[in-house]
Amino acid sequence: MATTEGMDRYSRIDDSAIRELEGRFLFSTYSRYDLFISHGSGVYIYDLDGKRYLDMLGGIAVNSLGYNHPRLVRVLTEQGRNIIHCSNLFYHAFQGQLAERLCRISGMARAFFTNSGTEAIEAALKIARAYGHNHGGPEKSRILTLKNSFHGRTYGALSITAQEKYQAPFRPLVPDVEVVQELTADSLEAAFNEQVCAMVVEPIQGEGGIIPIPSAFLRAARELCDRYRALLIFDEIQSGMGRTGKWFAFQHYGVEPDLLAIAKSIAAGYPLGAVLGNARVGDSLKAGEHGTTFGGGPLACRLALEVADIIEEDGLLQNVTSLGRQLAGGLRSLAARHDRIGEVRGLGLMIGAELGDTAKEVVARLLRKGFIANAAHDTVLRLLPPFIIRREQIDEFLGALDGILSDMEGEVR
Ligand SMILES: *Cc1c(COP(=O)(O)O)cnc(C)c1O
């Protein structure tokens, strides 16, 4: 039963009623895990029966500061009392300050705020087409993307998401997109010509199974974009805002984009995204050419400023680096003892472990033992824990995973 005494009537509902209502009234877009969430605290989530789960997924790379962070709760309350939304027809205190902050940590020059990652990608694509028009005419409209990428679900973002399962039901897609099929400089060079206005890359593919793109490939992309006056767009919606131990994954590679899409953990749980651009693209959009009702509202921006303060003041990037080493190292030791674990990949606290067709079963067993993770691409155990996780909590997770893999090996014999 729900431990929701004293809560309002909407919160007093049990698992079966929730399931029944969703089954009847929602489009069936999600196949949810059997977890009915009540609330979160620190790095833990609690279900409606009061059972505690260690969150190794962080709301899919969103809850970088865990749950109920006292400083965020304070900002939510205080800013909620002042003003939540005011439209983009007027100025408020925080959009400019947040843009400046994001430009400072990324080396970019300008920002446009959105509500989600997908919308940040849409904005980037529109900027790229506008830039192409301005610098090569309407023919300069081709967009290059990588096999196995994930950029979102709206038509523009979907059209550059080169995975059949996402695209097939929804064709025709946005035209003038070409997929680079291999991560080699040769296939990249073959895809470029004067008609290319942009190339989009996740420096570490997330949804595709935590796949870091080789740095030689990113350098080649940068050179070809320069040669053909095309824009290099990095999608760091998942890898950005500290997830890899630097503010952005591209800072490990030393290859800079022209446009940078970010979202997920930027406001640590409140919807906000942004596309950042360097000086080269700064004048691509004119007043009225793009916009949003909600994007960059006062509450979202004020929260994002607090998130950046907390990450800096609490030294969380260092935490991500050292704990990421511990987690990846621990997984590699497990891989040495358990055949089921293949390659372990990633940077900082963005880590994937190949588990083949047992990934989903492992995730289900972890959940029963009180650990939240997920299976990216169905075959990769994906771990994106909050930056505030502690050493002993990671050990606890590794111990549980060890036990589960041993159990599964025992069952086969
Ligand atoms: C999550 C994600 C998106 C889509 O972001 P939404 O906020 O879900 O719209 C796009 N690209 C990458 C790399 C992502 O991880």
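Residues numbered from 1 in each chain as written. Predicted model: local features only at pLDDT ≥ 70, side-chain atom pairs only at ≥ 80, totals over all residues. Heavy atoms only, no water.

**Considering the environment of asparagine 82**
- For asparagine 82, the position within the fold is in helix H3 (residues 70–82).
- Put simply, asparagine 82 and histidine 252 are 170 residues apart on the chain and 39 Å apart in space, counted from C-alpha to C-alpha. (Helix = DSSP H or I, 4+ residues; strand = E, 2+ residues; numbered from the N terminus.)

**Here's the deal with unusual backbone geometry**
- Cis geometry marks the peptide bond from arginine 171 to proline 172, where omega comes out at 5°.
- With respect to the secondary-structure elements, proline 172 resides in the loop between helix H7 (164–167) and strand S6 (177–180).
- Positive phi is not limited to glycine here, since arginine 229 has a value of about 50°.
- Note on arginine 229: relative accessible area 37%, which makes it partly exposed. (Buried < 20%, exposed > 50% of the residue type's maximum accessible area, 1.4 Å probe, protein only.)

**Examining helix H13 (residues 359–368)**
- Of the residues making up H13, those classed as buried are Ala359, Val362, Val363, Arg365, Leu366 and Leu367.
- Looking at the buried positions of H13, the neighbouring elements they touch are strand S3 (52–55), strand S15 (371–372), strand S16 (374–376), strand S17 (380–383) and helix H14 (391–412).
- Once H13 finishes, glycine 370 follows within two positions and takes phi at roughly 95°, a positive value. (Contact = heavy atoms within 4.5 Å.)

**A look at the packing of helix H12 (residues 316–337) against H14**
- The geometry of H12 relative to H14 is characterised by a closest axis approach of 10 Å and an angle of 20° between their N-to-C directions. In terms of orientation, H12 and H14 fall into the roughly parallel class. Pair H12 / H14 crosses with right-handed handedness. In this structure, H12 contributes Ser322, Leu323, Gln326, Leu327, Gly330, Leu331, Leu334 and Arg337 to the contact, and H14 contributes Arg391, Ile394, Asp395, Phe397, Leu398, Leu401 and Asp402.
- In terms of residue class, the contact of H12 with H14 is built from eight nonpolar, three polar and four charged. (Axes fitted to C-alpha atoms, helices over the stretch in contact; angles between N-to-C directions. Parallel < 35°, antiparallel > 145°, perpendicular 65-115°, else oblique. Left-handed = near helix turned anticlockwise from the far one by under 90°. Nonpolar A, V, L, I, M, F, W, Y, C, P; charged D, E, K, R; others polar.)

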